[in-house]
Amino acid sequence: MNDIVHDNSAAPQGGPTAPSLVDALIPCITLVILLSFSFVLFGNDASSGPNQVALLFCGIVAASVAYKNGLPWAGIRQAVIEGIAAGLPAILILLAVGALIGTWAMSGTIVSMVYFGLKLLNPTYFYATAALVCAVVAFSIGSSWTVAGTIGIGLMGVAANMGLSPAITAGAVISGAYFGDKASPLSDTVNLATATAGSDIYGHIRESLWISIPALLISLLLFALLGQPTDFDATGALAKIEGTVSVSLWSFLPLLLVFLFSLFRLPPFVAIFAGALAGAIVAVLHNPQSVAAFAAAPDLPVGLALLKGAWSALANGYISSTGEKSIDLILTRGGMSSMMNTVWLIITALAFGAVVEYAGLLKRLVEPLVARTKSAAGLISTVVGTSILSNLITSDQYISVAIPGKVFGPTFASRGLAPVMLSRVVGDSATVTSPLVPWNSCGAYMAATLGIPTAAYAGFCFFNILSPLLAVAFGFLGWRIVRAKVPEARQTSPAPA
């Protein structure tokens, strides 16, 4: 493999040349144009194939620019392979979430969350409560994806039964979830940002909270204002649930298992897939008749029929047939197969992003901005803009978190700014804006998990929008501009005469 990668015979004659500004703009402008046409022509179905075609085509355009500048095809191909490989953990988590949704629908976990949510929550303060609960849990376990894929699903079901906006509910879930992803010491993006910027994790969190807490408080206020006093009566919905499905506190065991595994810092895929298997076990033990009926295999022995039903829910999701339309709508969902469009989107997006990074196109766009930036406020704004641009172009949160640390680290150091400033601003921008981009892996994940198109919920992700705005505002106001500490000169005794 290494012999192939380093074979430059397929490259144009001469060494590689640095990309021009026009080179860097060509694939980016092409991407914007094609994705715009995709949205106009296909609407919410754009992510079911048209966006993938656009990303793949733009990847070819970027590869052609790279080849024209002297980079070998073998190197471009290897960059694509490595870029997609970097996204495999996200893809596996996505598949695990699909399996979890299927078995939790079958086991009664989802409907139990809806049932008790209807009992405890009120439409007047539902959005604010949803955001706050997700923020607390996400801060505890450090994973926005786990929160959205577990209690986020339940909250979406509660909102549907209350007749509340699914888009606002998704925005509340994501706002709370990304508070934890941005401020928890257990978050992988926090650790990545501090590692690339060279800062201390606890110093980073301390600085991050200066932005995160105001952003969350303002978000909670906005969600509270969106909640409207209503005479909503949950009695009818509760009666329908009680009359058609079995609700039990035992159904919360898979949810508890996921949180415990997350607290013990097991990988998210392990925690979520363990929750999916636990859901299958609870379904078999708690509701064997429904599992056997779902298997639709009367000729099989009972044990094998139960195995087939649980296996089918993991693979292809659960189909509810209670006869109650509102309940069947909540419970007919899930399965690994339901995530394949999103997996397709992530693969094509990562391939495009890998070529752009390998060809140095993003760096070429950023360098002139860095050179023109003189003040600390201007530098902070440039980092924010670069992080958002990276999320748009590379389609990957981790790349967008890592790139500013590499590009801006020397500049921050030369201007006397502490590394914690850089890592904080990266968290304020790269981490939180990733779910706002439909073709970014985070945006694709949230849309697939919560069942709401990214374009529909993005405007209600108040925390994610406010965080970069507050970071820029703090910079221009001169607040929390942390300077690098100058080492004190060591005091030495004079040498003896």
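Residues numbered from 1 in each chain as written. Predicted model: local features only at pLDDT ≥ 70, side-chain atom pairs only at ≥ 80, totals over all residues. Heavy atoms only, no water.

**Quick notes on the overall build of the chain**
- Regarding its fold elements, the chain presents 26 helices and zero strands.
- Taking 2.2 N^0.38 as the reference for a compact globule, 497 residues should give roughly 23 Å; the C-alpha atoms of the chain span a radius of gyration of 25 Å, in line with that estimate.
- By principal-axis analysis of the C-alpha atoms, the chain measures approximately 90 × 60 × 55 Å.
- Counting every position in the chain, which comprises 497 residues, the buried fraction comes to 54%.
- Intrachain contacts of the chain at a sequence separation of at least 6 include 79% that bridge at least 24 residues.
- Accessible surface computed for the chain: about 21400 Å², of which carbon and sulfur atoms make up 68%.
- Distance between charge centroids for the chain: 11 Å, based on 21 positive and 20 negative side chains. (Helix = DSSP H or I, 4+ residues; strand = E, 2+ residues; numbered from the N terminus. Rg over C-alpha atoms; globule rule 2.2 N^0.38 Å. Buried < 20%, exposed > 50% of the residue type's maximum accessible area, 1.4 Å probe, protein only. Contact = heavy atoms within 4.5 Å. Areas by Shrake-Rupley, 256 points an atom, 1.4 Å probe, with all protein chains shown as cover. Lys, Arg positive; Asp, Glu negative; His and termini not counted. Charge placed at Lys NZ, Arg CZ, Asp CG, Glu CD.)

**Structural notes on the environment of valine 291**
- Locating valine 291 in the fold gives a position in helix α16 (residues 288-295).
- Taking the C-alpha atoms as reference, valine 291 lies 9.5 Å from tyrosine 318; in sequence the two are 27 residues apart.
- Among residues more than four places away in sequence, those in contact with valine 291 are Met106, Ala283, Val284, Ala305, Leu306, Gly309 and Ala310.

**Focus on unusual backbone geometry**
- Here the phi dihedral of alanine 296 falls at roughly 50°; this positive angle occurs in a residue that is not glycine.
- Secondary-structure assignment places alanine 296 in the loop between α16 and α17 (302-316).
- With phi around 55°, arginine 480 is a residue other than glycine that occupies positive phi space.
- As for its position among the elements, arginine 480 is in the segment after α26 (462-477).
- Classification of arginine 480 by relative accessible area gives partly exposed; the value is 31%.

**Here's the deal with the nonpolar core**
- Grouped together as the largest cluster of nonpolar side chains are 137 residues, with contacts concentrated most on Ile110 and Phe126.
- No other element matches the 13 residues that helix α5 (residues 88-107) contributes to this core.
- Residues in contact with phenylalanine 126, not counting those within four places in the same chain, are Leu121, Leu155, Val158, Ala159, Met162, Leu164 and Thr169. (Core = buried A, V, L, I, M, F, W, Y, C linked by side-chain atoms within 4.5 Å.)

**A look at the packing of aromatic side chains**
- Evaluation of the coordinates by the stated rule reveals 12 aromatic pairs.
- With a centroid separation of 4.7 Å and 15° between ring planes, the pair formed by tyrosine 67 and tryptophan 73 is classed as stacked.
- Residue tryptophan 73 is classed as partly exposed on the basis of its relative accessible area, which comes to 39%.
- Seen from their ring centres, phenylalanine 116 and phenylalanine 252 are 5.7 Å apart, and the 55° between their planes marks the pair as tilted. A residue pair is termed long-range when its members are at least 10 positions apart, and phenylalanine 116 in helix α6 (residues 109-120) and phenylalanine 252 in the loop between α13 (235-244) and α14 (253-263) qualify at 136 residues.
- Since its relative accessible area comes to 24%, phenylalanine 116 is described here as partly exposed.
- An aromatic cluster is built from Tyr115, Phe116 and Phe252, whose rings are joined through pairwise contacts. (Phe/Tyr/Trp six-rings, centres within 6.5 Å; stacked < 30°, edge-to-face > 60°.)

**A look at a nonpolar patch on the surface**
- A grouping of Leu92, Trp250, Leu253, Leu256, Leu260, Leu263, Phe264, Leu266, Phe269 and Val270 is seen on the molecular surface, where their side chains present a nonpolar patch of about 950 Å² in accessible area.
- Elements supplying a minimum of two residues to the nonpolar patch: α14 and α15 (268-286).
- Here the nonpolar patch takes four residues from α14, the largest share from any one element.
- Structurally, leucine 263 is set in helix α14. (Patch = residues over 30% accessible without salt bridge, like charges linked within 9 Å, V, L, I, M, F, W, Y side chains within 5 Å. Salt bridge = Lys/Arg side-chain N within 4 Å of Asp/Glu carboxyl O.)

**Things to note about the packing of helix α20 (residues 361-372) against helix α21 (residues 376-394)**
- It is at 11 Å that the axes of α20 and α21 come closest, and there the two elements cross at 165°. Judged on the interaxial angle alone, α21 and α20 are roughly antiparallel. In this structure, α20 crosses over α21, and the sense of that crossing is right-handed. Between α20, through Leu362, Leu365, Val366, Leu369 and Val370, and α21, the contact on the second element is made entirely by Thr382, Thr386, Leu389, Ser390, Ile393 and Thr394.
- Here the residues of the contact of α20 with α21 are counted per class, giving seven nonpolar, four polar and no charged. (Axes fitted to C-alpha atoms, helices over the stretch in contact; angles between N-to-C directions. Parallel < 35°, antiparallel > 145°, perpendicular 65-115°, else oblique. Left-handed = near helix turned anticlockwise from the far one by under 90°. Nonpolar A, V, L, I, M, F, W, Y, C, P; charged D, E, K, R; others polar.)

**Details of the pattern of salt bridges**
- Counted by the stated rule, this structure contains four salt bridges.
- For arginine 480, the salt bridge goes to glutamate 207, with nearest N and O atoms at 2.5 Å. Of the two residues, arginine 480 is situated in the segment after α26 and glutamate 207 in helix α12 (residues 201-226); the sequence distance between them amounts to 273 residues.
- When the shortest N-O distance is used, the salt bridge between arginine 424 and aspartate 428 registers 3.1 Å. Taken together, the residues arginine 424 and aspartate 428, both in helix α23 (residues 419-433) and four residues apart, mark about one turn of the helix. Accessibility assignment for this pair places arginine 424 and aspartate 428 in one class, buried.
- If you follow the salt bridges from partner to partner, you end up with Lys182, Arg424 and Asp428 in one network.

**Structural notes on α16**
- Taken residue by residue, α16 has Val291, Phe294 and Ala295 as its buried positions. All buried residues of α16 project into a common sector of 105° when viewed along the axis, lining one side. Opposite the packed face of α16, turned more than 90 degrees from it, sit the exposed residues Gln289 and Ala293.
- For α16, the elements touching its buried residues are α5, α15 and α17. (Arc of directions from axis to C-beta.)

**A closer look at the state of the cysteines**
- Summed over all chains, the structure comprises zero disulfides.
- Here cysteine 442 stays unpaired: no disulfide links it, and the sulfur of cysteine 461, its closest cysteine neighbor, is 12 Å away.
- Given the relative accessible area of 2%, cysteine 442 is considered buried.
- With no disulfide partner, cysteine 461 has as its closest neighbouring cysteine sulfur the one in cysteine 134, 11 Å distant.
- For cysteine 461, a relative accessible area of 0% puts it in the buried group. (Disulfide = S-S within 2.5 Å.)

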